[in-house]
Amino acid sequence: MHDKHRHVREIIGKAKHIAVLTGAGISAESGVPTFRSEDGLWKNFSASELATPEAFIENPRRVWQWYGWRRGEMLKAEPNSGHLALVELEKRAKAFHLITQNIDNLHRRAGNANIIEIHGNAFRNRCTSCRYLFSDDTCDFEKPEPLPVCPECGSPARVDVVWFGEPLPQRELETSLDVAAHCDVFLSIGTSANVYPAAHFPIMAKKQGAILIEINLEQTELTWQADFSFLGKAGEILPKLIGL
Ligand code: BV8
Ligand code: ZN
């Protein structure tokens, strides 16, 4: 095991352009529930019930209540050693891009700079008609008060995240595709690689010759394609691979 760590440490140390894709698993040790493992969010709710435009149209208060609860969980959480290892990696790398599926703002709070939030951010609202963006960390939508509206035009606001069936933000998608096409090392961390198009990025990188390294608690669709796979907690494994 130690040889594997040392070998990967050398690969990362020599990399010209490191791309990282993170999923809910990197925030699990911070106490933010994931989507599909046994304590996953979806256990209590189904994706179709809540993280879709149809769910928001049908029952906006229930969707706001879910995001309010999740915002509370995220604000209680602190970045963990996995997040902090990626901050150190960004400082050391010649070129570095962090693509995250997470909306919990923990990479930004940890101190990473070059973050591509492909599924949006739970603490930003967007107007449903003029698309005006404004930050909001309200956690409690239980009371019958009016739901958030756009400060510019008064239309109903929504959380600025990408729901199932919605396209990814154009700029973030293009940047992620470009990063996957040009990196020489791709780290996939804490993601079940179930959700597209994010799950394409590591496969694209591998196809163009990048070294694919996976760190995840359990096997995924990527594991058999990875050049190196570490099964375990990102908070424990990442510091060893960065040499912290
Ligand atoms: C789109 C934001 C088209 C909201 C999210 C059938 C086949 C293929 C694709 C599809 C299909 N049917 C539908 C689709 C498309 C769909 C999709 O991929 N569905 C999946 C479920 C099959 N994709 C979409 O709808 C996307 N849009 O395709 O649009 C389009 C194009 C043009 C015009 C119109 C339409 C949009 C997808 C984005 C959805 N939004 N999040 C919110 O968060 O509320 S996705 C959501 O899942 C989160 O972002 C989450 O990050 C993401 C992926 O899940 P993971 O992050 O991987 O989390 P998960 O729990 O799954 O895994 C965690 C892993 O960590 C586990 O493996 C666990 O073992 C591990 N772990 C746990 N603890 C640790 C750990 N690892 C390390 N250390 C630990 N301590
Ligand atoms: Zn507006």
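Just so we're clear, the structure is a prediction, and the values are computed from it rather than from any experiment.

Asks: Hey, could you run me through the coordination of the zinc ion (ligand 2) in this one?
Replies: Angles at a metal have ideal values that depend on geometry: 109.5 degrees with four tetrahedral donors, 90 or 180 degrees with six octahedral donors. Protein-derived coordination of the zinc ion (ligand 2) comes from Cys 127 (SG), Cys 130 (SG), Cys 150 (SG) and Cys 153 (SG), at a distance range of 2.2 to 2.3 Å. One can describe the donor arrangement at the zinc ion (ligand 2) as tetrahedral, given that its four donor atoms subtend angles of 102 to 123 degrees at the metal. Mapped onto the sequence, the donors of the zinc ion (ligand 2) take the spacing C-x2-C-x19-C-x2-C. With Cys 127 in strand E4 (residues 120-127) and Cys 150 in the loop between strand E5 (133-135) and strand E6 (157-161), the pair connects residues that are 23 residues apart, well separated along the chain.

Asks: Please explain the domain arrangement of the chain as it appears in this structure.
Replies: Size of an interface: often given as the accessible area lost when the parts come together. If you check the domain split of the chain, you get domain 1 (3-32 + 79-119 + 167-242) and domain 2 (33-76 + 122-161). Taking only C-alpha atoms into account, the centre of domain 1 sits 26 Å from that of domain 2. With 15 residues of domain 1 in contact, the opposing surface of domain 2 contributes 14 residues. Here domain 1 and domain 2 share an interface that buries about 1,100 Å² over both sides, 59% of which is from carbon and sulfur atoms.

Asks: What am I meant to see in the nonpolar core here?
Replies: Nonpolar side chains in soluble globular proteins tend to be buried together. Ranked by internal contacts, the top residues of the largest apolar core, which has 26 residues, are Ile 18, Leu 187, Ile 189, Ile 215 and Leu 238. Elements supplying a minimum of two residues to this core: helix H1 (2-14), strand E1 (18-22), helix H6 (81-92), strand E2 (96-100), strand E7 (185-189), strand E8 (211-216), strand E9 (228-231) and helix H10 (234-242). Residues within four places of Ile 189 in sequence aside, it is in contact with Val 20, Leu 21, Thr 22, Gly 23, Ile 26, Leu 86, Ile 215, Ala 234 and Leu 238. Counting residues in hydrophobic clusters, the runner-up holds 22 residues, among them Ala 19, Leu 21, Ala 198 and Ala 205.

Asks: Looking at this structure, how should I read the sheet that holds E5?
Replies: In any sheet, the strands associate via hydrogen bonds between backbone groups, in a parallel or an antiparallel arrangement. Taken in spatial order, the three strands line up as E5-E4-E6 in an open sheet, and their pairing is antiparallel. This sheet does not close on itself; its edge strands, each paired only once, are E5 and E6. Looking at each pair of strands side by side, their axes are set apart by 45 degrees on average, direction ignored. Docked against the sheet, helix H5 (residues 60-76) engages E4 and E6, running at close to 140 degrees with respect to E4.

Asks: Would you explain the side chain of Ser 176 in this entry?
Replies: For Ser 176, the position within the fold is in helix H8 (residues 170-182). Every residue in contact with Ser 176, bar those within four places of it in the chain, is listed here: Ile 99, Ile 116, Ile 118 and Phe 201.

Asks: How do you make sense of the sheet that holds E8 when you look at a structure like this?
Replies: Spatially, E3-E2-E1-E7-E8-E9 is the arrangement adopted by the six strands of the open sheet, whose pairing is parallel. At either margin of the open sheet sits one strand with a lone partner, and together these are strand E3 (115-117) and E9. Going across the sheet, the axis of each strand differs from the next one's by a mean of 15 degrees, ignoring polarity. Of the pairings in the sheet, the one linking E1 to E2 comprises five bridges and is parallel in character. For Val 20, the partnering residue across the bridge sits in E2 and is Leu 98. In this fold H8 packs onto E1, E2 and E3, with an angle of close to 125 degrees to the strand it touches most, E3. Docked against the sheet, H10 engages E7, E8 and E9, running at close to 145 degrees with respect to E8.

Asks: I'm lost on H6 in this one. Help?
Replies: Count 3.6 residues to each turn of an α-helix, and residues three or four apart come out pointing the same way. The end-to-end C-alpha separation of H6 is 16 Å, in line with the 16 Å expected for 12 residues at 1.5 Å each. The secondary structure elements touched by the buried residues of H6 are H1, E1, E2, helix H7 (106-110), E7 and H10.

Asks: It is not clear to me how the packing of aromatic side chains should be interpreted in this structure. Could you clarify?
Replies: For any two aromatic rings, the description comes down to two numbers: the centre-to-centre distance and the angle of the planes. Throughout the structure, instances matching the rule amount to five aromatic pairs. An angle of 65 degrees between the planes, with centres 5.0 Å apart, marks the rings of Trp 66 and Tyr 67 as edge-to-face. When its relative accessible area of 3% is taken as the criterion, Trp 66 is described as buried. Accessibility expressed as a relative area gives 3% for Tyr 67, which makes it buried. In textbook terms, an aromatic cluster arises when at least three aromatic residues are bridged by ring pairs, as seen for Phe 56, Trp 66, Tyr 67 and Trp 163. Sitting over the ring of Phe 230, Lys 4 keeps its end group 4.6 Å from the ring centre.

Definitions and cut-offs
- Residues numbered from 1 in each chain as written.
- Chains lettered and ligands numbered in written order.
- Predicted model: local features only at pLDDT ≥ 70, side-chain atom pairs only at ≥ 80, totals over all residues.
- Heavy atoms only, no water.
- Donors = N, O, S within 2.8 Å, 3.2 Å for Na, K, Ca; no water.
- Tetrahedral: all angles 85-135°; square planar, octahedral: opposite > 155°, others 65-115°.
- Helix = DSSP H or I, 4+ residues; strand = E, 2+ residues; numbered from the N terminus.
- Domains from an automatic or database assignment.
- Contact = heavy atoms within 4.5 Å.
- Buried area = accessible area lost by both parts, 1.4 Å probe.
- Core = buried A, V, L, I, M, F, W, Y, C linked by side-chain atoms within 4.5 Å.
- Buried < 20%, exposed > 50% of the residue type's maximum accessible area, 1.4 Å probe, protein only.
- Pairing = 2+ DSSP bridges.
- Axes fitted to C-alpha atoms, helices over the stretch in contact; angles between N-to-C directions.
- Expected span 1.5 Å × (residues − 1).
- Phe/Tyr/Trp six-rings, centres within 6.5 Å; stacked < 30°, edge-to-face > 60°.
- Lys NZ or Arg CZ within 6 Å of the ring centre and 35° of its normal.

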